[in-house]
Amino acid sequence: MDTLIPYDSLTTETLENILDDIVSREGTDYGNYELSALQKREQALRVLQTGEAVLLFDTESETITMVSKSALDNNDLM
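I will try to describe carefully the structure that is included in this document. Only a predicted model underlies this, so the values are computations on that prediction, with no experimental measurement involved. (Residues numbered from 1 in each chain as written. Predicted model: local features only at pLDDT ≥ 70, side-chain atom pairs only at ≥ 80, totals over all residues. Heavy atoms only, no water.)

1. What to know about the overall build of the protein
Of the regular secondary structure elements, the protein holds three helices and three strands. For the protein, the sequential pattern of α-helices and β-strands runs β-α-α-β-β-α. The buried share among the 78 residues of the protein stands at 26%. Counting only carbon and sulfur atoms, one obtains 48% of the accessible surface of the protein, whose full area is about 5,500 Å². (Helix = DSSP H or I, 4+ residues; strand = E, 2+ residues; numbered from the N terminus. Buried < 20%, exposed > 50% of the residue type's maximum accessible area, 1.4 Å probe, protein only. Areas by Shrake-Rupley, 256 points an atom, 1.4 Å probe, with all protein chains shown as cover.)

Structure follows, in structure tokens:
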């Protein structure tokens with residue numbers, strides 16, 4: 001079962017660590033140009049702040065993922 005994690009309930013350090021982990025995963029696509037780790041983290045934070053994406057904790061795998069709000073709204077994940 002997935003649990004929604006409000007990004008603004010996390011400490012700055014915890015959120016940065018989570019975002020660093022997410023943006024460094026294999027298969028993360030940023031288009032035809034290369035971004036620094038800091039730029040990727042800032043981009044990920046912006047989509048959380050605008051509500052375009054949310055953080056989900058998967059209790060089975062004990063991992064956190066960032067998914068688009070539209071995918072969550074369409075129940076594409078559950």
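2. Brief notes about the pattern of salt bridges
Pairing between side chains of opposite charge can happen when their charged atoms approach one another. This model, assessed by the stated rule, comprises three salt bridges. Put simply, R25 and D21 hold a salt bridge, and the shortest N to O gap is 2.6 Å. Using a relative accessible area of 40% as the deciding quantity, one classes D21 as partly exposed. Between K69 and D73 there is a salt bridge, with its nearest N and O atoms 2.9 Å apart. (Salt bridge = Lys/Arg side-chain N within 4 Å of Asp/Glu carboxyl O.)

3. Some words on the sheet that holds strand 1 (residues 2-5)
The three strands lie next to each other as 1-2-3, forming an open sheet whose pairing is antiparallel. Two strands close off the open sheet at either side, each with one partner strand: strand 1 and strand 3 (63-68). Adjacent strand axes in the sheet meet at a mean angle of 35 degrees, parallel and antiparallel pairs treated alike. Here six bridges tie strand 2 (residues 53-58) to strand 3, and the two strands are oriented antiparallel to one another. Opposite D58, over in strand 3, you have T63 as the bridge partner. Each of strand 2 and strand 3 is contacted by helix 1 (residues 12-23), which is oriented at about 75 degrees to strand 3, the strand it contacts most. (Pairing = 2+ DSSP bridges. Axes fitted to C-alpha atoms, helices over the stretch in contact; angles between N-to-C directions. Contact = heavy atoms within 4.5 Å.)

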